[in-house]
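# What the coordinates show
The lines below spell out each chain.
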Number of protein chains: 2
Amino acid sequence: MKRELNKKGLKATPQRIEIIKFLSSTKSHPSAEDVYKFIKEKFPTISFATVYNTLITLKNTGDIKELSIDPERKRFDMDLTPHDHFFCRKCKRVYDIYDLLRGYKIKIEEIDEHQVEEISLYYTGVCRDCKNKIGKEVTKI
Amino acid sequence: MKRELNKKGLKATPQRIEIIKFLSSTKSHPSAEDVYKFIKEKFPTISFATVYNTLITLKNTGDIKELSIDPERKRFDMDLTPHDHFFCRKCKRVYDIYDLLRGYKIKIEEIDEHQVEEISLYYTGVCRDCKNKIGKEVTKI
DNA sequence: ATTAGTGCAAACACTTTGCACGGGT
DNA sequence: ACCCGTGCAAAGTGTTTGCACTAAT
């Protein structure tokens, strides 16, 4: 990990390493705040600015992606394999989606003369967990 | 227009009518601030809260859609025909995109057991206008 | 008359920045 | 030794709310 960072001209600070470890281990698509809270557990002196700066840096190196699926905050994803996302408007969780459409989309480099750099397919609704919870609540009445 | 509003139990205030007129006449996918600035021209006493409240109301009645394609702010679209969007990261303009993928997407009501309510396909990159501008700037060097 | 909607201002929440200190190279 | 990165705090930006007044039904 130190090697990869240095190769890109970045310093391998313990804070950065922790952040990268966390991001590559989770599938929760955390917000900056989420990352901050998690790292602060094992690294109580870390500041939000450091987390924020690191996220920007990693975004610029292309090591993480910023998702705008959550209308309330930016979410981050270190899984760079082509996939889409489902956002639950109840619990705010973001799920990975692997589906057939991806095959069509990745070919597009230009549309209506616009230069396409990225394509995001976002599904929004109620996730399987929340769907079930709602069902249980209703039967309680 | 008054009739449609009343039918939904909404009062047809002049402010609302102006906002709806503007939204249905533009393809610019304005932000709340954009709407406010535009309406304020002809309606100097209008407050931002009124614009904001109206946008929420229209979103709840399903008359407008909230786009999360612009990472910096929410954008609104009154064009309810099925279509997608392209976001230019240079000029921040949002363009409508009508393409083939739409046909596949609109059939999906459930994915991975999640209940899908909406599908958004967002393209991001540099639009045709900005692409050309950049080209001109480069040749000036 | 009733009740929703407006306008003003303040509060929020998330994001971004400036700067002095400290640690990685 | 150099300079990037950290930590702290403050500022910025867009979003949301409370409340008294006004207007639409």
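The structure presented is a predicted model; accordingly, all values stated were derived computationally and were not measured.

Turning next to the overall build of chain A. What chain A contains, in helices and strands, is six helices and six strands. The linear arrangement of helices and strands in chain A, starting from the amino end, is α-α-α-α-β-β-β-β-α-β-β-α. Its C-alpha atoms put chain A at 55 × 45 × 20 Å along the principal axes. Burial statistics for chain A: of 141 residues in total, 40% are counted as buried. Intrachain contacts of chain A at a sequence separation of at least 6 include 44% that bridge at least 24 residues. Accessible area for chain A stands at about 8,400 Å²; split by element, carbon and sulfur atoms hold 53% of it. Considering chain A, the positive charge centre built from 28 side chains and the negative charge centre built from 22 side chains are found 7 Å apart.

Take the packing of helix α3 (residues 32-42) of chain B against helix α4 (residues 48-60) of chain B next. All names here are of chain B. Look at α3 against α4: their axes get within 9 Å of each other, and the N-to-C directions meet at 125°. With respect to each other, α3 and α4 are oriented oblique. Viewed along their axes, α3 and α4 form a crossing whose handedness is right-handed. Counting all contacts with α3, which are made through Ala 32, Glu 33, Val 35 and Tyr 36, the residues of α4 involved are Phe 48, Val 51 and Leu 55. Here the residues of the contact of α3 with α4 are counted per class, giving six nonpolar, no polar and one charged.

Let's shift gears to the interface of chain A and chain B. In this complex, chain A contributes 35 residues to the contact, which on the side of chain B involves 35 residues. Roughly 3,000 Å² of surface becomes buried between chain A and chain B when both sides are summed, with 57% attributable to carbon and sulfur atoms. Put simply, chain A and chain B have four salt bridges between them. With its nearest N and O atoms 3.8 Å apart, the salt bridge here joins Lys131(A) to Glu110(B). At the junction of chain A with chain B, the criterion picks out 17 residue pairs in polar contact (both at pLDDT 80 or more). Where the side of chain A that touches chain B is concerned, the elements lending two or more residues are β4 (94-97), α5 (101-105), β5 (110-111), β6 (114-126) and α6 (128-140) of chain A. Take the side of chain A that touches chain B: its biggest share by element is 13 residues, from β6(A). Within the side of chain A that touches chain B, the residues separate by chemical class into 16 nonpolar, six polar and 13 charged.

Our focus in this paragraph is the relation of the copies chain A and chain B. These two copies of the chain differ by a rotation about an axis and a displacement along the same axis. In the superposition of chain A on chain B (RMSD 0.1 Å, axial shift 0.1 Å), the rotation amounts to 180°. Viewed as a symmetry operation, the transformation between the two copies matches a two-fold axis. Every residue of chain A has its C-alpha some distance from the rotation axis, and the shortest such distance is that of Leu121(A), at 2.3 Å.

What follows covers the nonpolar core. Counting 26 residues, the largest nonpolar core has Phe86(A), Tyr123(A), Phe86(B) and Tyr123(B) as the members making the most contacts within it. Core analysis: the second largest hydrophobic core is formed by 18 residues, Leu5(A), Phe22(A), Val51(A) and Leu58(A) among them.

Residues and elements named next belong to chain A. You can read the domains of chain A as domain 1 (1-80) and domain 2 (81-141). Taking the mean C-alpha position of each, domain 1 and domain 2 sit 22 Å from one another. With 13 residues of domain 1 in contact, the opposing surface of domain 2 contributes 15 residues. Of the roughly 1,100 Å² buried where domain 1 meets domain 2, counting both sides, 52% is carbon and sulfur surface.

Thresholds, definitions, all that
Residues numbered from 1 in each chain as written. Chains lettered and ligands numbered in written order. Predicted model: local features only at pLDDT ≥ 70, side-chain atom pairs only at ≥ 80, totals over all residues. Heavy atoms only, no water. Helix = DSSP H or I, 4+ residues; strand = E, 2+ residues; numbered from the N terminus. Buried < 20%, exposed > 50% of the residue type's maximum accessible area, 1.4 Å probe, protein only. Contact = heavy atoms within 4.5 Å. Areas by Shrake-Rupley, 256 points an atom, 1.4 Å probe, with all protein chains shown as cover. Lys, Arg positive; Asp, Glu negative; His and termini not counted. Charge placed at Lys NZ, Arg CZ, Asp CG, Glu CD. Axes fitted to C-alpha atoms, helices over the stretch in contact; angles between N-to-C directions. Parallel < 35°, antiparallel > 145°, perpendicular 65-115°, else oblique. Left-handed = near helix turned anticlockwise from the far one by under 90°. Nonpolar A, V, L, I, M, F, W, Y, C, P; charged D, E, K, R; others polar. Buried area = accessible area lost by both parts, 1.4 Å probe. Salt bridge = Lys/Arg side-chain N within 4 Å of Asp/Glu carboxyl O. Polar contact = N/O pair within 3.5 Å; in protein donor to acceptor, adjacent residues only side chain to side chain. Least-squares fit on C-alpha atoms with pLDDT ≥ 70 in both. Core = buried A, V, L, I, M, F, W, Y, C linked by side-chain atoms within 4.5 Å. Domains from an automatic or database assignment.

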